[in-house]
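Read off the chains here:
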Amino acid sequence: MNQFHTSISDFKEGVVVYGFYYCNEKNIKYSKNGDKYLDISITDNNSSVYGKIWNHVDYFNSKFNPGSMIAVKGKIIQYRNRLELNILNINSANVDLYSKYGFKKSLIN
């Protein structure tokens, strides 16, 4: 099942979501096996969630910065008794590129 423009508070395990969120934090980390991944914190107007990027880390790391709006596609998973977002695609959100998908300047604040 896919959901578009989903509020973080409405996330349900197993669902693939597409939406626009604010990136609070972004850190490069390493797994127990030594694999690089991105650990990010995202918020919307009501809630926040942690997300992980496991593939193409260097590429996606260059696509957005903390403190900016992001466009995200990810699958919601359960990890250590909390929901997290396994991010499949991510980019800086801008009106020119994403207005046809519902992104507006009013979402930037």
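The structure we're discussing is the one just above.
All values reported here derive from a predicted model rather than from experimental measurement. (Residues numbered from 1 in each chain as written. Predicted model: local features only at pLDDT ≥ 70, side-chain atom pairs only at ≥ 80, totals over all residues. Heavy atoms only, no water.)

Q: How should the nonpolar core be read in this particular structure?
A: Soluble, globular proteins show a tendency: their nonpolar side chains are buried together. Ranked by internal contacts, the top residues of the largest apolar core, which has 20 residues, are Phe11, Ile42, Phe64, Ile70, Leu85 and Ile90. Elements represented by at least two residues in this core include exactly strand 2 (16-30), strand 3 (36-43), strand 4 (48-53), helix 1 (57-61), strand 5 (69-79) and strand 6 (82-92). In this structure, Ile90 is in contact with Ile40, Ile53, Phe60, Lys63, Phe64, Ile70, Ala71 and Val72, ignoring residues within four places of it in sequence. Counting six residues, the second largest nonpolar core, distinct from the first, contains Ala71, Ala93, Tyr98 and Phe103. (Core = buried A, V, L, I, M, F, W, Y, C linked by side-chain atoms within 4.5 Å. Buried < 20%, exposed > 50% of the residue type's maximum accessible area, 1.4 Å probe, protein only. Helix = DSSP H or I, 4+ residues; strand = E, 2+ residues; numbered from the N terminus. Contact = heavy atoms within 4.5 Å.)

Q: Sorry if this is basic, but what is going on with the pattern of salt bridges here?
A: Side chains that carry opposite charge are capable of pairing whenever their charged atoms lie near each other. Overall, the coordinates contain five salt bridges when judged by the stated rule. As a salt-bridge pair, Lys29 and Asp39 come within 3.0 Å of each other at their nearest N and O atoms. Of the two residues, Lys29 sits in strand 2 while Asp39 sits in strand 3, which places them 10 residues apart along the sequence. For Lys29, a relative accessible area of 34% translates into the label partly exposed. Judged by relative accessible area, which is 9%, Asp39 ranks as buried. (Salt bridge = Lys/Arg side-chain N within 4 Å of Asp/Glu carboxyl O.)

No statement about biological role is implied by the geometric values presented.
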